[in-house]
Amino acid sequence: MSRPVDVTAAFTPLDGEFFRVKLALDIAIEQVVQEPGCIQYEITDAQEDRITLTEQWESTELLDAHLRGAAVQDLGESLSALLAKPAEVVRSDQQP
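The numbering scheme is per chain: residues are counted from 1 as the chain's sequence reads. Given that this is a predicted model, residues contribute local features only at a pLDDT of at least 70 and side-chain atom pairs are listed and counted only at 80 or more, while totals for whole chains, interfaces and linings are drawn from all residues. Side-chain metrics rest on all non-hydrogen atoms present in the structure, leaving aside hydrogens and water.

> For this particular structure, what's the right way to read the environment of S92?
Take S92: it is sitting in the segment after β4 (83-91). Residues S92 and A46, spaced 46 residues apart in sequence, show a C-alpha to C-alpha distance of 22 Å. Throughout, a residue-residue contact means that at least one pair of heavy atoms, one from each residue, lies within 4.5 Å. Contacts of S92, omitting those with residues within four sequence positions, involve P4, V5 and D6. Secondary structure follows DSSP: runs of H or I at least 4 residues long count as helices, runs of E at least 2 residues long count as strands, and numbering of each begins at the N terminus.

See the structure below:
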């Protein structure tokens, strides 16, 4: 069995889109915290130019299942026209 996986995702809203990006993340958080294996899924920093989401999952397998799930797909669609660049995601299980 794998160890817990830490994830940090940073979102860069387009100018004037901070509140819409934060709302989309808040909606996703309500769904994701109920998913199997979710230990932590919360906004840990929110500035006008960057929002940081911190996650922790029980295992790589449960994180991967989350990434294939409806909440992530819905969030991606919601954010597609609101971000200045793709989210920057760092996973502890994929670092050298």
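Okay, back to it.
> Can you walk me through the nonpolar core in this structure?
As a rule of thumb, soluble globular proteins bury nonpolar side chains together. Among the nonpolar cores identified, the biggest contains 22 residues, and F11, V21, L25, Y41, W57, L75 and L79 are the most heavily contacted of them. Broken down by secondary-structure element, the contributors of at least two residues to this core are β1 (5-13), α1 (18-32), β2 (38-47), β3 (50-57) and α3 (70-79). No other element matches α1, which puts 7 residues into this core. If sequence neighbours within four positions are ignored, L75 has contacts with A24, L25, A28 and Y41. Put simply, buried Ala, Val, Leu, Ile, Met, Phe, Trp, Tyr and Cys residues joined by side-chain atoms within 4.5 Å make one nonpolar core. Think of it in three bands: with a 1.4 Å probe and only protein chains considered, a residue is buried below 20% of the maximum accessible area for its type, exposed above 50%, and partly exposed in between.

> What should I look at first to understand the pairing of β3 in this one?
Regular strands place side chains that alternate from one sheet face to the opposite one. Summarising burial for β3: 6 of the 8 residues are buried, a large majority. Whether two strands pair comes down to DSSP finding at least two bridges between them. Across 8 bridges, the pairing between β2 and β3 is antiparallel. Considered in β3, the bridge of D45 is made with T52. Here β2 folds back onto β3, and the loop between the two strands holds 2 residues.

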